[in-house]
Amino acid sequence: GGHMLIKHRVVLSLGSNLGDRLENLQDAVDALFDAPGLTFLALSPVYETAPWGGVEQDDFLNVVVIAETLLTPETLLERSQSIEESLRRERVVRWGPRTLDIDIVQFGELVSDAPELTLPHPRAHERAFVLVPWALLEPDAVLTGHGRVADLAAAAGEQGVTRR
Ligand SMILES: Nc1nc2nc(S)n(CCO)c2c(=O)[nH]1
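For every chain, the first residue of the written sequence is number 1, and numbering continues from 1 along that sequence. This being a predicted model, a pLDDT of at least 70 is required before a residue's local features are given, and a value of 80 or more before pairs of side-chain atoms are given or counted; all residues contribute to the totals for chains, interfaces and linings. Water and hydrogen atoms were dropped before computing side-chain values, which therefore reflect all heavy atoms in the structure.

**Here we look at the overall build of the chain**
As a reminder of what qualifies: Under the DSSP-based scheme used, a helix requires at least four consecutive residues in state H or I and a strand at least two consecutive residues in state E, with every element numbered from the N terminus. What the globule rule says is 2.2 Å times the number of residues to the power 0.38, and the radius of gyration is computed from C-alpha atoms. The contact criterion used is simple: two residues touch if any of their non-hydrogen atoms lie within 4.5 Å.
Scanning the chain from terminus to terminus reveals 5 helices and 8 strands. Listed N to C, the secondary structure of the chain is β-α-β-β-β-α-β-β-β-α-α-α-β in terms of helices and strands. Relative to a compact globule of 164 residues, whose C-alpha radius of gyration would be 15 Å, the chain shows 15 Å and is just as compact. For the chain, the C-alpha atoms occupy an extent of roughly 45 × 40 × 25 Å along the three principal directions. Put simply, of all contacts in the chain between residues at least 6 apart along the chain, 70% involve residues at least 24 apart.

**Examining the pattern of salt bridges**
Inclusion rule: Criterion for a salt bridge: a side-chain nitrogen of Lys or Arg within 4 Å of a carboxyl oxygen of Asp or Glu. Note on classification: 1.4 Å probe, protein chains only; a residue is buried when its accessible area is under 20% of the maximum for its type, exposed when over 50%, partly exposed between these limits.
Applying the stated rule across the entire model yields 6 salt bridges. Of the charged contacts in the structure, one is a salt bridge between Glu68 and Lys7, with a shortest N-O distance of 3.7 Å. Of the two residues, Glu68 sits in strand 4 (residues 60–69) while Lys7 sits in the segment before strand 1 (8–16), which places them 61 residues apart along the sequence. Note on Glu68: relative accessible area 26%, which makes it partly exposed. Notably, a salt bridge pairs Asp101 with Arg98, separated by 2.3 Å at the nearest N-O pair. Across the pair, Arg98 and Asp101 agree in class, each one buried. One salt-bridge network, in which partners are shared between bridges, spans Arg21, Glu48 and Arg164.

Purely geometric numbers; function is a separate question.
Quick look at the structure:
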């Protein structure tokens, strides 16, 4: 349904472990902000990260992007999915290798249990490849919020997340 013209602060996690990973991430960030509706606020450094999810596959490169948007969550999801497709995103194995994955981690303070778009992202707060870059950009959101992580450095070590 329609949304009043409210700006929401969104947190996106981008990952790639297929093809030219860095180029895939660069192309994705460019594409996200090429179209109207999203205002860039911050981009984390790039992290080399061990695959999370139990599927044996190559390491990922991950970044977190903070933006402001007038879009609805659904529209942002559609835009993310079309960018994934444009980078030849073959969804073969769930949690398997992919040229690009864009996860909406938070959309303002919205909460949704819609199956196609659960907000906040249900697994983001377990994932050091999300939390470590995110904490650099928004320490309070990660270190004190409901996603409280006792020891981010320990999580980074345990989950193989290292700054490139
Ligand atoms: N390290 C790491 N592991 C992952 N497992 C999945 S699924 N993904 C895709 C994002 O959900 C990733 C990822 O981006 N990085």
